[in-house]
Each structure stands twice: as C-alpha cells, then as structure tokens.
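Structure assessment
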Amino acid sequence: MLQVGNIIANKDKYVEGLKKRNLNNAAELLEEVISLDDERKQNQHTLDSNLAEANSLAKQIGGLMKEGKREEAEEVKAKTAELKSLNKSLSDKQNEIEAKLQQALYNIPNIPNETVPTGNSDEDNVEIERHGEFPTLHEGAKAHWDLIKDHDIIDFDLGIKITGAGFPVYKGKGARLQRALVNFFLDEATKAGYGEVQPPIVVNEASGYATGQLPDKEGQMYHITNDDLYLIPTAEVPITNLYRNVIVDEKELPVKHVGFTPCFRREAGSWGAHVRGLNRLHQFDKVEIVQIQKPENSYEALKEMCNHVASLLEKLELPYRVLRLCGGDLGFTSALTFDFEVYSAAQEKWLEVSSVSNFETYQANRLKLRYKNDQKKSVLLHTLNGSAMALPRIIAAILENNQDEHGINIPQVLHAYTGFDRI
C-alpha cells in the first residue's frame, strides 16, 4: 500500500498517476487518507497529553498522603480516575481511526510508473517487441482441445467428473510433458541465480493482505472458510510472504527465489471461446520467480527478469510478443507490468503466458519488508515477480504450433526432460 507521508507530500502527482488507472475518485480517496491521518495525529496528541498528566498526578498522591493532605490526595485520585476513563475512550477511538485509515489505504492501488501508457483495457496495451515466425500449419490442423482428445493426453471430462469444469486430468505423455516443462523452467531459473523454494499452497489472511491479493482479489480466490485459509492464486503470495516483517541484511540483497506450485483461481465471470480448452483453468501449474531489490536496482532487475522469460520462449521456439500494460489493465499492486504472449497458430490468437511486474514499495509497505542502509536507517525494499512460466497456454501453443499430419513434435530443448520427441 501507499505510504501516508508520500500521499501527503505527493497528493497532486498521485492523483495524476491514478488517472491512468481511470480512477475517477482518486482525489477523494487520497483526501480521506489525509483527513484520517490528521484525526489520528490529533487524537494521539490528546491521548499522550492526558497520559502524561495522569502519570504526573499519580506521582503526587503518595507525597500528599505523607504530608497528611488526605483530602487533596483524594481529589487527585478522583482526577486520575477521570483521566483514566477518558484515556480508555481515546485509546479505543485511536484504534478505530487507525483501522479506518488502514482500510482506506487498502482501497488505493499502486501509482503507475511514468512509462505506463493510458488506456481502458487490454486492447490499449502497447506492443513493444515481437520475436519468432508464425508456423505454417498443414491443411486440417486442429486446435489443442481436439489434439488432446486425438492423442489422449489431457482429459477434461474426467476432471469434470472428479471436481468440475476447469480442472483437467493430464495423462501419459501429457503428464510427462507437463512435468518436463516444470523441471525445465526450474532448472533455467536455478542457472539464472534463483534459489528454489517449495512453499505452502494455502495461505492465511495476513499473507493475502501483505501481497495485495486481499481485499482486491477476494472474489477470485478459493476460501477455506472453516480455517480461514486461501488456496494460492500464484506462488508470488507465499514466496514473498517469507519476508513479511523482516529486516533483510544488506549483504543478502538481492533476494532471488523460484518456486513451482499449483495455482487456483475461481475466474468468476469467465465465459466464451477465449476460455476453451487450456486457455483458462481453475487449477494450473506455474513456476514463479520473485526478486527483492534495493529501490535503485529494481528496474534493472525487472529488465533482467523479462530477458529470462524471453529466453525460455526462445528455447521453446515459440513466437511471442511483449506488451507494456496500460493503466486500465494494470494489476492493483503493480507499478509497471510487461505481459508475454505466445502465438497459438491453430487458434490464430495470442495467449498470455507470463506477467512480469515491479511493485516498487507497495507490497513491501504492507509486508514491513525493509533493510538498513549505510546510515542504519530502515528503508522499504522493492518487490518484483514474474511467471516463468504458467504451463497451460504454453502447452496449448506447443501442441498447436508443432503439429503435422502424423503427430506433434516436442521442442528440442525438452527432449532430455520428456524422454520422447513426438506425441
């Protein structure tokens, strides 16, 4: 979340920044924070003054009793009791104000980086790079949802039987291809200096708030109500929360982690052809990379992460493009995001397979994630994450782009992982 001091110092700049998100009530949201902070300060000042007075009076009582001034001592006791009752009310009020202030801050998204373009939706995202040639498919080429049936490698009907729509069952070479991609992505991240972790796939409410999934994405997350736990929508949540309430030793920076997890998203309201087959699922596997950086290094790290994702797609021989997300499509917590899309030849459409984002201090402020600089001052760090990569649409593109009349070729780089070169 945003820092109150920065909101006060940069209100006009922040209002302009939030206009990129088409947040029409930005000024009112920021004013609410400033007003609540003023109220908090005033109430705290009154409370501190009253506590000081109560402490001073309490010290007088013993002296008055020793001097035999019982009546005066009783008057001071009465005044102290009165102040104690008033301070209890002021303390309760302070807690209430701070809770309102916290909620007001939760309702304000991150300020977009100055390079974020204006726009209303994904149609306004800006393509900045394109790599690779579109494959030429044979006559009668099929979309992946038909190919998986022909080769019996992924079964949606079994998933519906066991769980429901959006939970496919991977079988035979389909399961082995899935496992091969996971291992390939993990190995490539390890080579790039990321330390592998295997985090829990359920998190508590505090973790959800710390990385910004709550309250923003509450409707998209699976909630285990009896235990008040959430199935993770991305490994970003548990991996980043490893550093909640942590002061990182400067010598440990930058922090670089990679983790493989299943991910769960309700995807409320999803419908139509764009969600057919593997295009959108409720459960899917993903390898996630996370970095924690000093503020001055985070945008160089963002570039490095984008280059890493690009290298994976090039090794898989998939044509791809890179988009800079506009303000209207930017995630709630992100300052700048680049999306990677692969071209799915049989569907003749681009499929998003990775998002790489810099959150600057937005998550770190919620996490209380800091380091101490040379002056021993606590400084909020920058957090970044990226999909490296999400599997379903990668598999869809591999199947469609590499098909011929007799089967499907597996990218060369995966042969050592799959143990086969064709399906």
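Once a new chain begins, its residue numbering starts again from 1 and follows that chain's sequence as written. It should be noted that, the model being predicted, local features are given only for residues of pLDDT at least 70 and side-chain atom pairs only at 80 or more, the latter also being counted only at that level, while totals for whole chains, interfaces and linings use all residues. To obtain the side-chain values, all non-hydrogen atoms of the structure were used and water was disregarded.

1. Here's the deal with the side chain of Thr211
The condition that has to hold: We count a stretch as a helix when DSSP gives it H or I for four or more residues in a row; a strand needs E for two or more, and each element gets its number in order from the N terminus. The buried label applies to any residue whose accessible area, calculated with a 1.4 Å probe on protein chains only, is under 20% of its type's maximum; exposed applies above 50%, and partly exposed to all values in between. Note on contacts: a residue pair is in contact if any heavy atoms of the two residues lie within 4.5 Å.
Within the secondary structure layout, Thr211 lies in helix 8 (residues 205-211). Judged by relative accessible area, which is 0%, Thr211 ranks as buried. For Thr211, the contacting residues outside a window of four places in its chain are Glu236, Val237, Thr240, Asn241, Thr333 and Gln363.

2. Let's talk about the environment of Ser334
The criterion, for reference: We call two N or O atoms a polar contact when they sit within 3.5 Å, provided that within protein one can donate a hydrogen and the other can accept it, with sequence-adjacent residues counted only if both atoms are side-chain atoms.
Tracing the backbone shows Ser334 in the loop between strand 11 (320-324) and strand 12 (336-344). The buried category is assigned to Ser334, whose relative accessible area is 2%. In sequence terms Ser334 and Asn113 are 221 residues apart; their C-alpha atoms lie 8.8 Å from each other. Excluding anything up to four places from it in sequence, Ser334 contacts Arg21, Asn110, Ser357, Asn358 and Phe359. Within polar-contact distance, the side chain of Ser334 engages the backbone nitrogen of Leu336 at 3.1 Å.

3. Considerations on the pairing of strand 16 (residues 382-390)
We count it as follows: Here, a strand pair is defined by DSSP locating no fewer than two bridges between the strands.
Counting buried positions along strand 16 yields 9 of 9 residues, so the element is predominantly enclosed. Pairing of strand 10 (residues 283-293) with strand 16, which is carried by 7 bridges, proceeds in the antiparallel orientation. Bridge pairing in strand 16 links Gln291 to Leu384. Relative to strand 16, strand 13 (residues 349-358) runs antiparallel, the two being bridged by 3 bridges. Along strand 16, the bridge assignment pairs Val356 with Gly386.

4. Description of the sheet that holds strand 8 (residues 247-248)
Pairing in this open sheet of 3 strands is mixed, and the strands run 8-14-15 from one edge to the other. Looking at the sheet topology across the chains shown, the edges are occupied by strand 8 and strand 15 (378-380).

5. Examining helix 3 (residues 26-66)
Stated formally: Each residue after the first adds 1.5 Å to the expected span of a helix.
The end-to-end C-alpha distance of helix 3, which contains 41 residues, comes to 61 Å, matching closely the 60 Å that a straight helix rising 1.5 Å per residue would cover. Positive phi shows up at Gly68, right after helix 3, with a value of about 80°.

6. Here's the deal with the packing of helix 2 (residues 11-19) against helix 3
Worth spelling out the cut-off: Throughout, an axis means a line fitted to C-alpha atoms (over the contacting stretch in the case of helices), and angles, computed between N-to-C directions, take values from 0 to 180 degrees. Handedness of a helix crossing follows the sense of rotation of the near helix relative to the far helix, less than a right angle counterclockwise being left-handed and clockwise being right-handed. Throughout this entry, Asp, Glu, Lys and Arg are counted as charged residues, while Ala, Val, Leu, Ile, Met, Phe, Trp, Tyr, Cys and Pro are counted as nonpolar. The remaining residues, Gly among them, count as polar.
Remark: helix 2 packs on helix 3, axes separated minimally by 9 Å, with the N-to-C direction vectors making an angle of 140°. Remark: the crossing between helix 2 and helix 3 carries right-handed chirality. Residue-level contacts link Lys11, Tyr14, Val15 and Leu18 of helix 2 to Ala26, Ala27, Leu30, Glu31 and Ile34 of helix 3. Looking at side-chain class alone, the contact of helix 2 with helix 3 contains 7 nonpolar, no polar and 2 charged residues.

7. Considerations on the sheet that holds strand 1 (residues 126-131)
The strands that make up a sheet are held in pairs by hydrogen bonds between backbone atoms, and each pair lies either parallel or antiparallel. The strand order across the open sheet formed by 8 strands is 1-11-12-13-16-10-9-4, and the pairing between neighbours is mixed. Both outer strands of the open sheet, strand 1 and strand 4 (195-197), are each paired with one neighbouring strand and no more. For this sheet the average axis-to-axis angle between neighbouring strands, irrespective of direction, equals 25°. Each of strand 1, strand 9 (255-264), strand 10, strand 11, strand 12, strand 13 and strand 16 is contacted by helix 10 (residues 298-315), which is oriented at about 5° to strand 16, the strand it contacts most. Each of strand 10, strand 12, strand 13 and strand 16 is contacted by helix 12 (residues 391-401), which is oriented at about 30° to strand 12, the strand it contacts most.

8. What about helix 12?
Of all 11 residues in helix 12, 11 are buried, a share of seventy percent or more. For helix 12, the full list of buried residues reads Leu391, Pro392, Arg393, Ile394, Ile395, Ala396, Ala397, Ile398, Leu399, Glu400 and Asn401.

9. What to know about a negative patch on the surface
The criterion, for reference: Patch definition: residues above 30% relative accessible area lacking any salt bridge, with like charges linked at up to 9 Å and the nonpolar side chains Val, Leu, Ile, Met, Phe, Trp and Tyr linked at up to 5 Å. Each accessible area is a Shrake-Rupley result for a 1.4 Å probe, and residues are judged covered by the shown protein chains and nothing else. By convention in these notes, a salt bridge is any Lys or Arg side-chain nitrogen within 4 Å of a carboxyl oxygen on Asp or Glu. Under the convention used here, Asp and Glu are negative, Lys and Arg are positive, and both His and the chain ends fall outside the count. To locate a charge, take NZ of a lysine, CZ of an arginine, CG of an aspartate or CD of a glutamate.
The grouping of Glu205, Glu218, Asp227 and Asp228 at the surface amounts to a negative patch. Looking at the secondary structure, you find Glu205 in helix 8.

10. Side note on the packing of helix 7 (residues 172-191) against helix 12
Relative orientation and spacing of two packed helices are given, respectively, by the angle between their axes and the distance between those axes. Condition: Oblique is the label for every angle not falling under 35 degrees (roughly parallel), over 145 degrees (roughly antiparallel), or within 65 to 115 degrees (roughly perpendicular).
Their axes nearest at 11 Å, the elements helix 7 and helix 12 cross at an angle of 115°. Classified by the interaxial angle, the pair formed by helix 7 and helix 12 is roughly perpendicular. Viewed along their axes, helix 7 and helix 12 form a crossing whose handedness is right-handed. Residue-level contacts link Leu177, Gln178, Leu181, Val182 and Phe185 of helix 7 to Leu391, Ile394, Ile395, Ile398 and Leu399 of helix 12. Across the contact of helix 7 with helix 12, the residue classes break down as 9 nonpolar, 1 polar and no charged.

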